[in-house]
Amino acid sequence: MAEITANLVKELREKTDAPMMECKRALTEAAGDMAKAEEILRVKLGNKASKAAIRVTTEGVVGIHVSSDAKLGAILEVNCETDFVAKNEDFLALVKKSVELAAVKAPADVAALSALPLGEGTVESTRAALVGKIGENMSLRRFQRFEAKGTLHAYIHGGAKIGVLLDMIGGDAQLGKDIAMHIAASKPKALDVSGVDAGVIASERRIALEKAKESGKTGAMLEKIVEGSVQKFLKEVTLLGQVFIKAEDGKETVEQLLKKKGASVAAFALYVVGEGLTKKVSDFATEVAAQAAAAKK
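All values reported here derive from a predicted model rather than from experimental measurement.

Asks: Looking at this model, I keep getting lost on the sheet that holds strand β5 (residues 138-147). Mind explaining?
Replies: Whenever strands of a sheet pair, they do so through backbone hydrogen bonds, lying parallel or antiparallel. If you walk across this open sheet you meet the three strands as β1-β2-β5, and the pairing is antiparallel. Unpaired on one side and paired on the other, β1 (59-66) and β5 mark the two borders of the sheet. Within the sheet, the average angular offset between the axes of one strand and its neighbour, ignoring direction, is 15 degrees. The pairing of β1 with strand β2 (residues 72-80) spans eight bridges and is antiparallel. The residue bridging His65 from the neighbouring strand is Ala74, located in β2.

Following this line, the structure appears as C-alpha cells:
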C-alpha cells in the first residue's frame, strides 16, 4: 500500500476543497490512488468535492485574434508568474503578436509558433529577451486555430483571464456574443455528448452507482437512478444541453435557442488562465519586493 503523505493529502485537498481528514480517509481507502480518492470524495460529498477544479491557479492572459472577415482566428494562453506582469504592456504586445501569428501562419504546435519570425528575431527570442528585461518567467502554453465554417465570435472576460472563440453558422452578432458569454460563464466541457471523454462518463456512472447503492436502491430502480444521474451530468457539461444563462423561462437550452434562431455551433474553444496548473505559493512581502524591482527595471 502506498504511503499517504502530507503532500498527497494537501494535493487532494487543493483539487477538491474537501476537509483534510476526509482527504486522508479517501486516500487511505484508495490506497494512494489520487483519481480513485477523488471519486470516493465525490460519492461522499457530492459536487462540493470538485468545485476547486475551476480555480485560476497561475497568472497570465488569454489572447484572441480574428481576421477582418471573421473567417480566420486563434486563441492563445500565455502564462507568467504574477498578475503584475500580466498587465505589462510589453507582455501584452507579445501575446497580441503571437496569437496573430498563430492564426495567420498556422503553426503545428507551440514549438512551431515559438520558432516563427517576430521583429528582429523569433517569438522565442522575443520572449526570452522579455524575461531578461522583466526578470520573470513567462511561457506560451497552448493555442487553437480556427478556419470558420460560419462566423467567428470572440469574448474576453475578467481582465483576459477567460477567453472564448466561437464558430457559429447562421444567427447574428448579438446571438454570437450571447453564446460566447454563456460559454465563459457556464464552462461547458464539450459541444455535445459525443465530445465528452468516455472515461469521464464511466467515472460519473460509478459515482452515481455508489450513491444509489448507499440509498438502498436495487435492481431496475438502481439502474434508472444511475442513468438519470449520468444524463443530468451530460446536460450540465455539454454546451447544447445546458440551460441558456439568459433564458427568460429558466428552461430553454442553448440547443433550443440556436434552433429557434436558425443557427448552429460548429466549434468553440474556452480557455481559463491557469486551468489545470498548480499556482506557486509565495510570501506576500517577497512578491511585493519582486514587483518593485521589476518596476524599476
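Still more ground to cover, so stick around.
Asks: Looking at this structure, I do not really get the environment of Leu92. What am I missing?
Replies: Locating Leu92 in the fold gives a position in helix α5 (residues 89-105). Considering only alpha carbons, one finds Leu92 and Val62, 30 residues apart in sequence, at a separation of 9.7 Å. With residues up to four places along the chain from it excluded, the contact list for Leu92 reads Val61, Ala86 and Lys87.

Asks: What is the right way to read the sheet that holds strand β6 (residues 151-157) from this model?
Replies: Here we have three strands laid out as an open sheet, ordered β6-β7-β8, and antiparallel in their pairing. With partners counted over all chains shown, the strands left at the sheet margins are β6 and β8 (264-272), one partner each. The sheet shows a mean angle of 15 degrees between the axes of neighbouring strands, taken without regard to direction. Examined bridge by bridge, strand β7 (residues 162-169) and β8 share eight bridges and lie antiparallel to one another. When the bridges of β8 are listed, Ile169 appears paired with Ser264. Across the sheet, helix α8 (residues 173-186) lies against β6, β7 and β8, angled at about 135 degrees from β7, the strand it touches most.

Rules behind the numbers
Residues numbered from 1 in each chain as written. Predicted model: local features only at pLDDT ≥ 70, side-chain atom pairs only at ≥ 80, totals over all residues. Heavy atoms only, no water. Pairing = 2+ DSSP bridges. Helix = DSSP H or I, 4+ residues; strand = E, 2+ residues; numbered from the N terminus. Axes fitted to C-alpha atoms, helices over the stretch in contact; angles between N-to-C directions. Contact = heavy atoms within 4.5 Å.

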